[in-house]
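# Remarks on the overall topology
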Amino acid sequence: MKLTEGKSRQVFATESKDEVRVFHKDDETAYNGIKHVIIPGKGIIINKISAILYETLERNGIATHYIRTIDDRQQLCRKVDPIRLEFIVRNYAAGDMTERLDVKTGTKLSIPVVECCYKSDELDDPIINRSYAIALGMASREELDLIEEELGHINLVLTSLFHEVGIKLVDFKVEFGRLADGTLLVCDELSPDSCRLWDEQTGDSMDRDRFRYDLGNVGEMYEEVLRRLSNFINE
Ligand code: C5P
């Protein structure tokens, strides 16, 4: 039974009430789904990259929803109660931030910037602050404290992993969900669709910006990210 369908993933129930099956589609979207294309085989690449990223986080003591890869396109994950917030961590200025604040793309931020957005397609995921999130019952103060600490840790682990393969982690988006006992887990998408990745040598985008800004070779660049990560992991 299908439980939910997003822009690039479908989530199915399993025999266990505590686990779900996540299927990665070939859809590539931008601007809240206004721009959309099918990239044949993209779901297979995303499935593999996402598994490497989740396994790296787990190895570094960060709890995630990922259990194991089932096949080319699917992962077995723990079922969580999703928190309706998206957290964006920025190491360099890019994308929305450069337009909102008139900061030059590529400016190194002296500390990582964390943004909290209300997850709503209808409202285009507006940025909110902690007091809104607490006042509107989206997360507790204690949960936000834990999340903030975890975001710093995730940023260090992913920045270091990507640096090992010659890629600069410019920014990324993560989401969290709760288990029945309240434990927080990183969940949802984690891939070049939800990160900005720049080649350290050439500065080329290796992420969803290739599609957003019509830079071409989207699938090829995602494959290159996978190739580098796989080589590093298998060294
Ligand atoms: O668009 P913006 O500059 O705010 O995006 C920051 C980072 O978060 C980018 O890596 C983008 O791909 C990711 N993001 C996402 N899903 C959203 C919004 C942003 O994956 N709904």
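Please read all numbers here as calculations on a predicted model, not as lab measurements. (Residues numbered from 1 in each chain as written. Predicted model: local features only at pLDDT ≥ 70, side-chain atom pairs only at ≥ 80, totals over all residues. Heavy atoms only, no water.)

The next thing to look at is the sheet that holds strand S1 (residues 2–5). The antiparallel open sheet is built from 5 strands, whose spatial order is S1-S2-S3-S7-S6. Single-partner strands in this sheet number two, and they are S1 and strand S6 (66–69). Direction aside, the axes of adjacent strands within the sheet are offset by 25 degrees on average. Bridging between strand S2 (residues 9–13) and strand S3 (residues 19–24) involves 5 bridges; their strand directions are antiparallel. Residue pairing for S3: Arg9 is matched across the bridge by His24. Relative to S6, helix H1 (residues 42–59) is tilted by about 135 degrees, and along the sheet it contacts S3, S6 and strand S7 (74–78). (Pairing = 2+ DSSP bridges. Helix = DSSP H or I, 4+ residues; strand = E, 2+ residues; numbered from the N terminus. Axes fitted to C-alpha atoms, helices over the stretch in contact; angles between N-to-C directions. Contact = heavy atoms within 4.5 Å.)

Moving on, we get to the site of the ligand. Around the ligand, the surrounding shell holds 15 residues, and the nearest of these are Arg90, Asp96, Asp171, Arg196 and Arg212. The side chain of Arg90 places a nitrogen or oxygen atom 2.8 Å from an oxygen atom of the ligand. Look at the ligand: alone it shows 450 Å² of surface, and the protein chains cover 84% of it. Elements represented by at least two residues in the shell around the ligand include exactly strand S9 (85–92), strand S12 (167–178) and strand S14 (195–199). (Near = heavy atom within 4 Å. Polar contact = N/O pair within 3.5 Å; in protein donor to acceptor, adjacent residues only side chain to side chain. Areas by Shrake-Rupley, 256 points an atom, 1.4 Å probe, with all protein chains shown as cover.)

Mapped onto the secondary structure, Gly152 falls in helix H4 (residues 141–164). Residue Gly152 is classed as partly exposed on the basis of its relative accessible area, which comes to 35%. In this structure, the C-alpha to C-alpha distance between Gly152 and Pro112, residues 40 residues apart in sequence, is 8.1 Å. (Buried < 20%, exposed > 50% of the residue type's maximum accessible area, 1.4 Å probe, protein only.)

Attention shifts here to the pairing of S14. The buried fraction of S14 is high, at 5 of 5 residues. Residues Cys195, Leu197 and Asp199 point to one face of S14 and Arg196 and Trp198 to the other, with burial holding for every one of them. Examined bridge by bridge, S12 and S14 share 5 bridges and lie antiparallel to one another. By the bridge assignment for S14, Ile167 is matched with Asp199.

This part takes up the packing of aromatic side chains. Following the criterion strictly, the structure yields 2 aromatic pairs and no others. Centroid distance Tyr54 to Tyr66: 6.0 Å. Interplanar angle 5 degrees. Geometry classified as stacked. In this pair, Tyr54 sits in helix H1 while Tyr66 sits in strand S6, placing the two residues 12 residues apart along the sequence. Of the two residues, Tyr54 and Tyr66, both sit in the buried class. Measuring from ring centre to ring centre gives 5.9 Å for Phe87 and Phe176, while their planes differ by 80 degrees; the resulting arrangement is edge-to-face. Of this pair, Phe87 sits in strand S9 while Phe176 sits in strand S12; the two residues are 89 residues apart in sequence, bridging distant segments of the chain. We note Lys168 situated over the ring of Tyr92; from NZ or CZ to the ring centre the distance is 4.2 Å. (Phe/Tyr/Trp six-rings, centres within 6.5 Å; stacked < 30°, edge-to-face > 60°. Lys NZ or Arg CZ within 6 Å of the ring centre and 35° of its normal.)

Our next topic: a nonpolar patch on the surface. Taken together, Tyr31, Ile34, Tyr213 and Leu215 make up a surface patch of nonpolar side chains, about 460 Å² in accessible area. Along the chain, Tyr213 falls in the loop between helix H5 (209–212) and helix H6 (218–233). (Patch = residues over 30% accessible without salt bridge, like charges linked within 9 Å, V, L, I, M, F, W, Y side chains within 5 Å. Salt bridge = Lys/Arg side-chain N within 4 Å of Asp/Glu carboxyl O.)

It is worth spelling out H4 at this point. The end-to-end C-alpha distance of H4, which contains 24 residues, comes to 35 Å, matching closely the 34 Å that a straight helix rising 1.5 Å per residue would cover. The complete set of buried residues in H4 reads Glu143, Leu144, Ile147, Leu151, Ile154, Asn155, Val157, Leu158, Leu161 and Phe162. (Expected span 1.5 Å × (residues − 1).)

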